[in-house]
Amino acid sequence: MASRLGAAESLVVLGVVLLLATTAVPTASVVDFGANGGASTAATAESAPNGPKSADDVRLVPVGDRGDRLWPFTSRDRSFDALTLPVNVVVEGNPARVRSLLLYSRDATWDETNESWQQASTEQAPTDEPASPWGSATGADRFTFVDTADSGGLWIAESMQLHDGTYFGSRTHLRLYGGGTPDDSWTAIQAHRDYWDWFRLRHTVTSLAGPQHAVERDLMRRPTVVDVRRERFANGGIIDADGWVSVVELGPPQLSTLPRDDARRPASVGSATGRDEAAERAGSERDDTPSVLDTPQTGPAGVGTVLSMLAVGFVAVGGLAALATRRDELGALVERLRWSRLADDRFQRVVALAVALVALPVLVRSAALGLERVVPNHPKVVAGLLFPVFALAPAVLAARLPRGYSSELWFGTAFVGYGTGLVADFAMIGVAVVPVEVVLHRFAVLVALGVLAVAGRRHFESSEPRRAALSAAVCLWLLLFAWPLFLGI
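Before going further, it helps to spend a moment on the nonpolar core. Residues F168, W198, Y418, L449, L452 and W477 are the most contacted members of the largest nonpolar core, which totals 38 residues. Elements with a contribution of two residues or more to this core: α7 (345–374), α8 (379–400), α9 (407–429), α10 (436–461) and α11 (467–487). If one sorts the elements of this core by residue count, α8 sits on top with nine residues. Formed jointly, this core draws a minimum of three residues from each of two domains, domain 1 (55–117 + 135–250) and domain 2 (338–488). Setting aside its immediate chain neighbours within four residues, W198 contacts F168, V364, R365, A368, A383, L386, F387 and F390. I189, A191, V228 and V248 belong to the second-largest nonpolar core, a separate cluster that totals 20 residues.

See the structure below:
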């Protein structure tokens, strides 16, 4: 036989190389770094065990012109000691107006008759604005506290929620809280980036600064925005929040109907004289932070499509040429495969376990994203259907497939296979930084799955099976799944 590859084999090899290059292009595009381009600690704020109990124990900051004072945080309950995340954007306008600006790039006006916010009747539909990435969202209720001159202190729930992304993937999530009066209204926004964690059955927050900059930059593009500035609320220290809140001032709705080049805004002290200057200043403050609101780059996707077509073509042509020119060797190849390691049942089990554990997290995530589009308003139903598969399938595979070989091999296969699947799942939804606590928990899960594979092998190959080791491994697996659900991580 020739020592070098023939033309047909060369085409196949070239096709495989192009296919690998194709998979590398989109993978690099989903990596999501922290707010400053590097790693950022990602965790949700935990409740303080001996936290504040009343408004006198917390710091309130003034918002609006009526003397309203806001607690610049959100809370799981109507209690200060259930603090979660800081407020990072305040818009001097009603939530319905802010929603209209974000969703439709249009302003809204107050209807005195119906007492509701509607689109301004003279609003001009923008022709050069890209489609808005924001959409209505669902999420757990969060509350914030407001001290007003009229009604005193009260807890308010969010007026609405918006997001850019997917519920069961990763997204930039906004909660909008409205206050004030029709003549002096304001909207506090809690913006964060999170992803759906199947081990916790809830979202894990990864960034606060990046989403704050995204909302700030998106609103800068709106003609009705008069001023964008930063004010010190001293509510930083959680994840990557620095305590500086973006304050956005809106002009009258009629401003948005003027041509962009002719719109004039009153300039306040320290404010930008125009959107271009404001955007440039904010861009320098953000250190060129990438935003989810940027227009998607189509270059890598186009390159990936071309490479995919070339790869398929080379593999097809090379495969057909190989079959045509080496037909006499095909029978010999089949015979060698029958007696090779590939035909060994034990080897097939190793491959099946590795492939199944790598694919399982990605398949569950893909199924959730698909069902989300079919039943978008029923996330609990989707989670209830898929969580048993996510929780039990790895354990069943690890306990049933191992036969023969050494215990070390099965432990390593389960550990590396499932670990690769979890990393692929993160890469699929664009998560590059996770909390240390999550990393330690996932490491413990991988060890438990490896132990379960070893216990399964010994149980089915022993002449006198003992269930103690297998039962203990199953209990350890279930304990590690119950830990983040009930105790938190």
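There's plenty left to go through after this.
Here we take up the packing of α7 against α9. Two elements in contact, α7 and α9, have axes whose closest approach is 9 Å; the angle formed by their N-to-C orientations is 25 degrees. The angle between the axes of α7 and α9 places the two elements in the roughly parallel class. Crossing of α7 over α9 shows right-handed handedness. Of the residues contributing to the contact of α7 with α9, the split by class is 16 nonpolar, five polar and four charged.

Below, the discussion takes up the UniProt feature "transmembrane region" (unreviewed entry) in the chain. Mapped onto the present numbering, the UniProt feature "transmembrane region" (unreviewed entry) falls at residues 301–325, 346–369, 381–402, 409–433, 439–456 and 468–486. Along residues 468–486 the backbone is 100% helical and 0% strand, and the end-to-end C-alpha distance reaches 26 Å.

Rules of the game
Residues numbered from 1 in each chain as written. Predicted model: local features only at pLDDT ≥ 70, side-chain atom pairs only at ≥ 80, totals over all residues. Heavy atoms only, no water. Core = buried A, V, L, I, M, F, W, Y, C linked by side-chain atoms within 4.5 Å. Buried < 20%, exposed > 50% of the residue type's maximum accessible area, 1.4 Å probe, protein only. Helix = DSSP H or I, 4+ residues; strand = E, 2+ residues; numbered from the N terminus. Domains from an automatic or database assignment. Contact = heavy atoms within 4.5 Å. Axes fitted to C-alpha atoms, helices over the stretch in contact; angles between N-to-C directions. Parallel < 35°, antiparallel > 145°, perpendicular 65-115°, else oblique. Left-handed = near helix turned anticlockwise from the far one by under 90°. Nonpolar A, V, L, I, M, F, W, Y, C, P; charged D, E, K, R; others polar. UniProt positions renumbered as here; feature names shortened; annotations may be inferred.

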